[in-house]
Each structure stands twice: as structure tokens, then as C-alpha cells.
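A look at the structure
Chain by chain, the residues run as shown.
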Amino acid sequence: MNYRNERMARGFRSLDALLEGFDASKLPALSDGGDGARQIRRAAWGDAACATRPPYRERCVAEARTRLAEAGLARLLPVLDQVVLNGKNRRESICRLAMKWRIPTQSARRKYYRGVAELTKLLSPNKIKGETLPVKC
């Protein structure tokens, strides 16, 4: 081995040395997001109803979808789906909507922001009093 390779090899650290002092199960890449602990608690408590009930976020989204459909605002459902899927990544949401609707990106951007404004007005109880759809989760 020449000097350069020896110097490079000395710079490497093993995975054990890198993870020393860290709990590897807490790393986001290796974590299940608490699903394992949730399943253990459900099994220990013997709560069959809890095991079949969807998590809180999914229930809220399903309730919001139902309320929008009942109010005749089904056109906002794709925007709601993208907001739930991508969170604050607006660029990704707009690109997906443009592909789904087969329209230019600028048109999708306008429709996305109008939809988000309307969803905020309809679903947020703090935005405008009296115009909100009741979403009970």
C-alpha cells in the first residue's frame, strides 16, 4: 500500500465507533415511528377496538374529506391530499397536481394556493368565525 491509501484508511472509522454513545433504534432511518411500541401497548391492554381504529391523523383527514364532499367541495380533495402527503413541500404538491390535472405548472400553482386558502377558511376554526365546517376528531 502506498502512503496515500494508508492515510485514507486511517481516516475511516468503523460503524461501531460512529454509533458509540448513540441508541441506533432512535435514529430516524432505523425507527418505525413508534408503531412497534404502539402494537405492544395494544396487545398488553387487550384493546381490540383500539387495534382496529385508525390513528388520529388518518381519522381527521377522513373526517375532513367527508365534510368537504358533503358540502359540495369535492374539487378541493386533490389539494387536501397533496397537503397531507407533502406537508410544507409546496413545490412537490404543485408539480403532482400539474401532472394529475395535465395543466401548466403556473396554473396548478394558482389552483393550489386558492385551494389552500379555501381549505384554511373552511377547516380552520380560528380563521373566520361562522364559515368553518365542523371537523370533529
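The residue numbering used here restarts from 1 in each chain and proceeds along that chain's sequence as written. The predicted origin of the model limits local features to residues at a pLDDT of at least 70 and limits the giving and counting of side-chain atom pairs to 80 or more, whereas totals for whole chains, interfaces and linings rest on all residues. Note that water and hydrogens are dropped before the side-chain values are worked out from all heavy atoms of the structure.

Bringing helix α8 (residues 105-123) into the picture now. Helix length check: α8 (19 residues) gives 26 Å between terminal C-alpha atoms against 27 Å at 1.5 Å per residue, within 8%. Buried residues are those whose accessible area, probed at 1.4 Å on protein chains only, stays under 20% of the maximum for their type, while exposed residues exceed 50% and partly exposed ones sit between those limits. The helix count covers DSSP runs of H or I at least four residues long, the strand count covers runs of E at least two residues long, and both are numbered beginning at the N terminus. Turning to α8, its buried residues number three or more, namely A108, Y112, G115, L119 and L122. Projection of α8 onto a plane perpendicular to its axis shows the buried side chains occupying an angular sector of 100 degrees, all on one side. Looking at the packing, one finds that the buried side of α8 touches α5 (56-70), α6 (77-86) and α7 (90-101). Multiply 1.5 Å by the residue count of a helix minus one, and that product is the helix's expected span. Each direction from the helix axis to a C-beta atom contributes to the arc, which is the arc of those directions. The criterion used for residue contact is that any of the two residues' heavy atoms lie within 4.5 Å.

Here we take up α5. Taking 1.5 Å of rise per residue, 15 residues should cover 21 Å, and α5 covers 21 Å from first to last C-alpha, within 8% of that figure. When α5 is considered as a whole, its buried residues turn out to be C60, A64 and L68. Mapping the buried residues of α5 onto a view down its axis gives an arc of 70 degrees, with all of them on the same face. Where α5 is buried, its residues touch α6 and α8. G72, located one to two residues past α5, shows a positive phi value of around 80 degrees.

What follows deals with the packing of aromatic side chains. Aromatic ring pairs are defined here through the distance separating the ring centres and the angle between the ring planes. Any Phe, Tyr or Trp ring, taking Trp's six-membered ring, that has another such ring centre within 6.5 Å forms a pair; planes under 30 degrees apart are called stacked, those over 60 apart edge-to-face, and the others tilted. Under the criterion given, the structure shown has one aromatic pair. Ring geometry for Y112 versus Y113: centroids 5.3 Å apart, planes at 75 degrees, classification edge-to-face. Two conditions define a charge sitting above a ring: the NZ of Lys or the CZ of Arg must be within 6 Å of the ring centre, and it must be within 35 degrees of the ring normal. Lying over the aromatic face of W101, K111 brings its terminal NZ or CZ to 4.3 Å of the ring centre.

Let us look at the packing of α7 against α8. Packed helix pairs are characterised by how far apart their axes lie and by the angle those axes make with each other. Between N-to-C directions, angles span 0 to 180 degrees; the directions come from axes that are lines fitted to C-alpha atoms, helices contributing only their stretch in contact. The N-to-C vectors of α7 and α8 enclose an angle of 115 degrees; their axes lie 8 Å apart at closest approach. One finds that α7 runs roughly perpendicular with respect to α8. Between α7 and α8 lies a crossing of right-handed hand. Here R90, S93, I94, L97, A98 and W101 of α7 lie close against α8, whose contacting residues are T105, A108, R109, K111, Y112 and Y113. When grouped by side-chain class, the residues that make up the contact of α7 with α8 number seven nonpolar, two polar and three charged. Small angles under 35 degrees read as roughly parallel and large ones over 145 as roughly antiparallel, with 65 to 115 read as roughly perpendicular and the rest as oblique. By the definition used in this description, the sense in which the near helix is turned from the far one sets the handedness, with an anticlockwise turn below a right angle giving left-handed and a clockwise turn giving right-handed. Note on residue categories: nonpolar means Ala, Val, Leu, Ile, Met, Phe, Trp, Tyr, Cys or Pro, charged means Asp, Glu, Lys or Arg, and polar means any other residue, Gly included.

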